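Listed below are the residues making up each chain.
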Amino acid sequence: MKIAIDIGHPAHVNFFKIAANRFKDEGHDVTIIYLDRGKLPSIVAEEYSEFVTVKIGIHRGSRISVIYDANLKRFFQLVKYLYRNRFDVGLGVGSFNFGGVLKMMSLPNFQFDDDPERGLNTILEKLTATQLFFPPIIENFGNIRNFKALKEWAYLSPRYFTPNPEVLKKYGLKENDYIFIREISTGSLNYVKQKANIVATFARKMSRKENVVLSLENKKKTGYYPDNWQILEEPIKDIHSIIYYSKLVISSGDSMAREGAMLGVPSIYCGFREMKANGILEAKKMLYHVRPEEVINSVEKLKQIKYSEAERNRFRKDLQEEWVDVSDLIYNTVINLMKNGKTY
């Protein structure tokens, strides 16, 4: 079977990786199509070195670019590529332009999403996908199907991820002795209404005694942050181990805030978006949505919560018992189609 996987965001790299390797190991022909966006090309090159990878489209970081380059222009680039290189099935995360081309070709494509708040995107995904999978934050109807988990669980389940403390040596870090912070760029449509550089608004109010590791999407803004913060250079080998061994995660983007929480680390999301997906982890008292001006006080409170590694592992094991295996879901959706034309 020839499988095309469309990747438009760094978070999608890990989402498909386990299923993609499983397909490849079983002899299927897998091609990774990706968007030229920030560090995404280098991350894809690192994580999918044994796959055929094809760069289609660009996202230059502006609102105009995401509308024109990453969507309108990319649609026609996908038409050209996919008609010349026919596949049996496509997989994507919210890739309605990719899905639209495959639907025009009468080919099945399966999409995954966790963001029903993007109403227009959800409508377009529903119209173009064979099936559209969501966590249990939206009701099943039409071709929408629920799965009991969050997308990040595809690679953070204990079945697939084991933290490695050895990675800390490279950065001079000690377990539970630092705060991990993520500052996203606001060039995407999801975050175009969010104030840029949110973390920078409170960064210099944090105690200089705090050991901070910063994942900064826009490296042109390094001067906005304290000079004693350690800024990571992407692509980062085993970033999730760095997150796992931190004592606290703060993120202006939603994905990494959820990742920290799923790893059993108290996590603060300080972005502007109200997301039902976040609510699943907020209910478990592991993720907290905090206004930027309230982050410093929240940090002091959450630092008092000290989870041992055993407690973190217990939290993750409980999630494993409660949630489905998302990588299995991706795999079975395609394999069942191949076997009998029925979806998962």
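Scroll up to find the structure.
Residues numbered from 1 in each chain as written. Predicted model: local features only at pLDDT ≥ 70, side-chain atom pairs only at ≥ 80, totals over all residues. Heavy atoms only, no water.

When helices and strands are counted, the protein shows 14 helices and 13 strands. For the protein, the C-alpha radius of gyration of 20 Å lies close to 20 Å, the compact-globule estimate for 344 residues. Projected onto its principal axes, the C-alpha coordinates of the protein cover approximately 60 × 45 × 35 Å. Within the protein, the proportion of its 344 residues that are buried is 54%. Across the protein, the fraction of contacts at a sequence separation of at least 24, relative to all contacts at a separation of at least 6, is 58%. Charge centroids of the protein, computed over 51 positive and 41 negative side chains, lie 4 Å from each other. (Helix = DSSP H or I, 4+ residues; strand = E, 2+ residues; numbered from the N terminus. Rg over C-alpha atoms; globule rule 2.2 N^0.38 Å. Buried < 20%, exposed > 50% of the residue type's maximum accessible area, 1.4 Å probe, protein only. Contact = heavy atoms within 4.5 Å. Lys, Arg positive; Asp, Glu negative; His and termini not counted. Charge placed at Lys NZ, Arg CZ, Asp CG, Glu CD.)

Turning to the nonpolar core, a few remarks are in order. Counting residues in each nonpolar core, the largest one holds 71 residues, and the members touching the most others are F16, L91 and F112. Those residues in contact with F112 that sit more than four places away from it in its chain are F15, F16, L91, G92, V93, G94, L132, F133, F147, K151, L329 and I330. (Core = buried A, V, L, I, M, F, W, Y, C linked by side-chain atoms within 4.5 Å.)

Contact geometry for helix α4 (residues 96-104) and helix α5 (residues 119-128): axes closest at 8 Å, N-to-C directions at 25 degrees. Compared by their axis directions, α4 and α5 come out roughly parallel. α5 is crossed by α4, and the crossing has left-handed handedness. For the pair α4 and α5, contact is made by F96, G99, G100 and K103 and by N121, L124, E125, L127 and T128, respectively. Across the contact of α4 with α5, the residue classes break down as three nonpolar, four polar and two charged. (Axes fitted to C-alpha atoms, helices over the stretch in contact; angles between N-to-C directions. Parallel < 35°, antiparallel > 145°, perpendicular 65-115°, else oblique. Left-handed = near helix turned anticlockwise from the far one by under 90°. Nonpolar A, V, L, I, M, F, W, Y, C, P; charged D, E, K, R; others polar.)

A few words on the packing of helix α1 (residues 10-25) against helix α14 (residues 326-340). Each pair of packed helices can be summarised by the angle the axes make with each other and by the distance between the axes. It is at 9 Å that the axes of α1 and α14 come closest, and there the two elements cross at 45 degrees. By the angle between their directions, the pair α1 and α14 is classed as oblique. With respect to the hand of their crossing, α1 and α14 are arranged in right-handed fashion. For the pair α1 and α14, the contacting residues are F15, F16, I18, A19, R22 and F23 in the first and V326, S327, D328, I330, Y331, V334 and I335 in the second. Grouping the amino acids of the contact of α1 with α14 by side-chain chemistry returns 10 nonpolar, one polar and two charged.

So, about the environment of F15. Within the fold, F15 resides in helix α1. Taking the C-alpha atoms as reference, F15 lies 21 Å from Y269; in sequence the two are 254 residues apart. F15 has contacts with V93, F112, K151, A154, Y155, V326 and I330, leaving out every residue within four places of it along the chain.

With respect to the helices, strands and loops of the structure, D114 is situated in the loop between β5 (109-112) and α5. We classify D114 as buried; its relative accessible area is 4%. Engagement of the side chain of D114 in a polar contact is seen with the side chain of K151, the distance being 2.9 Å. Of note is the side chain of D114, whose polar atom sits 3.1 Å from the side chain of R258. (Polar contact = N/O pair within 3.5 Å; in protein donor to acceptor, adjacent residues only side chain to side chain.)

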